[in-house]
Amino acid sequence: MEKSRPSWDEYFMEMAELARKRSTCIRRGVGAVIVKDNRVMATGYNGVPRGISHCSETGCLREQMGVPSGQRHELCRGLHAEQNAIIQAACLGQSIEGATLYCTTQPCIICTKMLINAGIKRVVIRESYPDQLAQDMAKEAGLQIDVLGV
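Residues numbered from 1 in each chain as written. Predicted model: local features only at pLDDT ≥ 70, side-chain atom pairs only at ≥ 80, totals over all residues. Heavy atoms only, no water.

Caption draft 1: Representation of the nonpolar core within the structure. Core analysis: the largest hydrophobic core is formed by 20 residues, its most contacted members being Ala-32, Ile-34, Ile-96, Leu-101, Leu-115, Ile-120 and Val-123. Within the residue set of this core, elements represented by two or more residues are strand 1 (31-36), strand 2 (39-45), helix 4 (81-91), strand 3 (100-105), helix 5 (109-118) and strand 4 (122-127). Looking at which element gives the most residues to this core, the answer is helix 4, with four residues. Judged by nonpolar contacts, the second largest core, of eight residues, contains Phe-12, Ala-16, Val-33 and Leu-148. (Core = buried A, V, L, I, M, F, W, Y, C linked by side-chain atoms within 4.5 Å. Buried < 20%, exposed > 50% of the residue type's maximum accessible area, 1.4 Å probe, protein only. Helix = DSSP H or I, 4+ residues; strand = E, 2+ residues; numbered from the N terminus.)

Here it is in structure tokens:
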């Protein structure tokens, strides 16, 4: 009997789901994987920078201030999963021009702008995020966004 294999999109999204488990964000865990030519270039999850106390220890500044989801990202102590994946690729000297990002949640406007400038051509997400400007800018830039069902 032949074993069923996941599609490439399913395979890499499962890796993003695994990365999400490393998240230290107490509001929303997100995982990301950057893939080029069906090879993993970098991974990321959302959390604070190296050497900084996790929000589980200090509390969530945005939660304390009552900031709704999708707003005032600059008030967060952490980096987003997409940002950490881009940074990891840069630290490793990996070109991500033309790559695909697999992310458990739709990128926010800040991450969308970074992905556009990093040359990411396609984003595969599991769930949407309340950021219309990010969707509009991605469309204008020709950044393909596909939703992969659960």
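Having seen it, we continue.
Caption draft 2: Examining the side chain of His-80 more closely. Locating His-80 in the fold gives a position in the loop between helix 3 (61-65) and helix 4. The class of His-80 is buried, set by a relative accessible area of 18%. With sequence-adjacent residues up to four places away left out, His-80 is seen in contact with Tyr-45, Asn-46, His-73, Cys-108 and Cys-111. (Contact = heavy atoms within 4.5 Å.)

Caption draft 3: Main features of the sheet that holds strand 5 (residues 144-147). Spatially, five strands are ordered 2-1-3-4-5 in an open sheet, and the strand pairing comes out mixed. Since the sheet does not close on itself, it has two edges, and those belong to strand 2 and strand 5, each with one partner. Neighbouring strand axes in the sheet, compared pairwise and without regard to direction, differ in orientation by 20 degrees on average. With four bridges joining them, strand 1 and strand 3 adopt antiparallel strand pairing. Note that in strand 3 the partner of Val-35 across the bridge is Thr-100. Relative to the sheet, helix 1 (residues 8-20) contacts strand 1, strand 2, strand 3 and strand 4, its axis offset from that of strand 3 by approximately 55 degrees. (Pairing = 2+ DSSP bridges. Axes fitted to C-alpha atoms, helices over the stretch in contact; angles between N-to-C directions.)

Caption draft 4: Quick look at the pairing of strand 4. Counting buried positions along strand 4 yields five of six residues, so the element is predominantly enclosed. Examined bridge by bridge, strand 3 and strand 4 share five bridges and lie parallel to one another. The partner of Thr-105 across the bridge, within strand 4, is Glu-127. Considered for its hand, the β-α-β crossover made up of strand 3, helix 5 and strand 4 is right-handed. By the bridge criterion, four bridges tie strand 4 to strand 5 in an arrangement that is parallel. By the bridge assignment for strand 5, Val-123 is matched with Ile-145. The β-α-β motif built from strand 4, the intervening helix 6 (residues 132-141) and the parallel element strand 5 has right-handed crossover chirality. (Right-handed = clockwise from strand over helix to strand, strands pointing away.)

Caption draft 5: View of the packing of helix 4 against helix 5. Across the interface, helix 4 lies against helix 5 with an axial gap of 9 Å and an inter-helix angle of 30 degrees. Here helix 4 lies roughly parallel to helix 5, going by the angle between them. Where helix 4 crosses over helix 5, the two elements pack in a sense that is left-handed. Residues Glu-82, Gln-83 and Ile-86 of helix 4 form the contact with helix 5, whose participating residues are Ile-110, Cys-111, Met-114 and Leu-115. Looking at side-chain class alone, the contact of helix 4 with helix 5 contains five nonpolar, one polar and one charged residues. (Parallel < 35°, antiparallel > 145°, perpendicular 65-115°, else oblique. Left-handed = near helix turned anticlockwise from the far one by under 90°. Nonpolar A, V, L, I, M, F, W, Y, C, P; charged D, E, K, R; others polar.)

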